[in-house]
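Understanding the architecture of this molecule
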Amino acid sequence: MRILSGIQPSGRLHLGNYFGMMLPAIQLQQGGECLYFIADYHAQTTVHNAKELREYVNGIAVDFLAAGLDPERSIFFRQSDVPEVTELSWILSTVTPMGLLERCHSYKDKLARGIAASHGLFCYPVLMAADILIYNSNLVPVGRDQKQHLEVTCDIAEKFNNMYGNIFTIPEPLIQADSAHIPGTDGQKMSKSYNNGIYLSEDEKSFRKKIMSLKTDSTPVELPKSTQDSLILQLYKLVATPEEYAAMENSFLSGGRGYGDYKKTLADALWNHFAPYRKRRHEILSSPDYIDNVLQDGAKRARAIARETMRQVRKATGLGDLPPC
Ligand code: ADP
Ligand code: TRP
């Protein structure tokens, strides 16, 4: 069983990225051969500053490793260290119907958010298909917003296989129902584009300040509080034990405590939950070569798999032999 996922280095990582994508990916390390990568080619559709891109790549590498990605167990690499994927993306684009890409919500959403309509942004799903297919991935853990891209990947793989023979494995998405939509401080989906994020690398003061600013209604302290759609409860559920969660829920229903109290409990629980992450982060940051070594080793291992697929693809489609690295 081969498991693969990627994350774009287009900003700092927030709790939504952590609980929606990173944590499930880290937990899956027990269940198969995992490949996780930093999708820097994809980020180039929105980040056009070299220094910024390098900083984001480094930030994601630190966060992922500090959160528990084990580079001995998983292959962790930077997408652009396996340039063969862009060749596959080209080859796949020659069998991808325009209509398939024109239907993609994510492209339309990005335009609506003011991102320039480049060719790269439009064919983003083809590069994503190449990422998945070049490693013969079986399972792809992603957030719900990526489901359509997985469907596009399967369509492209089937089209290619019908035309050239059974080269690609058809992948399956793995979408975590309970953490697919972590709310931000304003109640909308937490996102770096909505200015509602609580970031992993936040210092304690601003972390707590953001928790204390979570949107609530104006129910007075003594009255029972609604447990429906409560941001405090939704976030508390991510880190509390079932007993701790039930205690807070019951206290909401009986009244007598104010939202400020609950927010303080939540801030303590979240801050403590990330104590091992902060410790590990500190260790990683104090050994300057560690990240480069991990990414280089990951790239070597990932590239060997990708080049084997490209040998088959080149042969099947009539291109020449794969040139040496
Ligand atoms: P953002 O919305 O901040 O730009 P990305 O689109 O870069 O985040 O998402 C990276 C990964 O994190 C994806 O797998 C995505 O599904 C997941 N993710 C992002 N925001 C959330 C959220 N609020 N809840 C759950 N998962 C999320
Ligand atoms: N598009 C994904 C996102 O924005 C990142 C990504 C790129 C990816 N290639 C991938 C995810 C391949 C899974 C598999 O979150």
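Residues numbered from 1 in each chain as written. Chains lettered and ligands numbered in written order. Predicted model: local features only at pLDDT ≥ 70, side-chain atom pairs only at ≥ 80, totals over all residues. Heavy atoms only, no water.

1. Some remarks on the site of ligand 1
Surveying the vicinity of ligand 1 reveals 16 residues, the closest of which are His14, Gly143, Asp145, Ile182 and Lys192. In this structure, an oxygen atom belonging to ligand 1 sits 2.7 Å away from a side-chain N or O atom of His14. Note that an oxygen atom of ligand 1 is positioned 3.3 Å from one of the backbone N or O atoms of Gly143. Within the complex, 91% of the 540 Å² of free accessible area of ligand 1 lies under protein. For the shell around ligand 1, the leading source of residues is helix H1 (residues 15-27), giving four residues. Partitioned by chemical class, the residues of the shell around ligand 1 number five nonpolar, eight polar and three charged. (Near = heavy atom within 4 Å. Polar contact = N/O pair within 3.5 Å; in protein donor to acceptor, adjacent residues only side chain to side chain. Areas by Shrake-Rupley, 256 points an atom, 1.4 Å probe, with all protein chains shown as cover. Helix = DSSP H or I, 4+ residues; strand = E, 2+ residues; numbered from the N terminus. Nonpolar A, V, L, I, M, F, W, Y, C, P; charged D, E, K, R; others polar.)

2. So, the pattern of salt bridges
Side chains carrying opposite charge are able to pair once their charged atoms draw close together. Under the criterion given, the structure shown has 19 salt bridges. The shortest N-O distance in the salt bridge between Glu151 and Lys147 comes to 3.4 Å. Taken as a pair, Glu151 and Lys147 lie in helix H9 (residues 147-164) at a separation of four residues, close to a single helical turn. Using a relative accessible area of 40% as the deciding quantity, one classes Lys147 as partly exposed. In this structure, Arg208 engages Asp268 in a salt bridge whose closest nitrogen and oxygen atoms are separated by 2.7 Å. You can see Arg208 sitting in helix H10 (residues 204-212) and its partner Asp268 sitting in helix H13 (residues 259-273), a full 60 residues away along the chain. With relative accessibility at 24%, the residue Arg208 sits in the partly exposed group. Assessed through its relative accessible area of 25%, Asp268 is described here as partly exposed. (Salt bridge = Lys/Arg side-chain N within 4 Å of Asp/Glu carboxyl O. Buried < 20%, exposed > 50% of the residue type's maximum accessible area, 1.4 Å probe, protein only.)

3. Quick notes on the domain arrangement of the chain
When cut into domains, the chain gives domain 1 (2-182 + 288-317) and domain 2 (201-273). Once you take the C-alpha centre of each, domain 1 and domain 2 turn out to be 35 Å apart. Counting from both sides, the interface comprises five residues of domain 1 and, opposite them, seven residues of domain 2. Summed over both partners, the interface of domain 1 with domain 2 comes to about 600 Å²; 64% of that surface belongs to carbon and sulfur atoms. (Domains from an automatic or database assignment. Contact = heavy atoms within 4.5 Å. Buried area = accessible area lost by both parts, 1.4 Å probe.)

4. Quick notes on the packing of helix H11 (residues 231-239) against helix H12 (residues 242-254)
Remark: H11 packs on H12, axes separated minimally by 9 Å, with the N-to-C direction vectors making an angle of 165 degrees. Viewed along their axes, H11 and H12 adopt a mutual orientation that is roughly antiparallel. H11 and H12 meet at a crossing whose hand is right-handed. Where H11 approaches H12, its residues Ile232, Leu233, Tyr236 and Lys237 are matched on the opposing element by Glu244, Tyr245, Met248, Glu249 and Phe252. (Axes fitted to C-alpha atoms, helices over the stretch in contact; angles between N-to-C directions. Parallel < 35°, antiparallel > 145°, perpendicular 65-115°, else oblique. Left-handed = near helix turned anticlockwise from the far one by under 90°.)

5. Structural notes on the side chain of Lys110
Within the fold, Lys110 resides in helix H6 (residues 105-112). Buried charge without a partner: Lys110 forms no salt bridge, and the closest opposite charge is Asp145, 8.0 Å away. Beyond its immediate sequence surroundings of up to four residues, Lys110 is in contact with Gln8, Ile115, Leu121 and Tyr124. (Lys, Arg positive; Asp, Glu negative; His and termini not counted.)

6. Topic: the pairing of strand E2 (residues 33-38)
For a regular strand, the rule is simple: side chains alternate between the two faces of the sheet. In terms of burial, E2 is a largely internal element, five of the six residues being buried. In terms of strand pairing, strand E1 (residues 2-7) meets E2 through six bridges, oriented parallel. Bridge pairing in E2 links Arg2 to Glu33. Regarding the hand of the β-α-β motif, the stretch spanning E1, H1 and E2 is right-handed. Bridge count between E2 and strand E3 (residues 75-78): four bridges; the pairing is parallel. Bridge assignment links Leu35 to a residue of E3, and that residue is Ile75. (Pairing = 2+ DSSP bridges. Right-handed = clockwise from strand over helix to strand, strands pointing away.)

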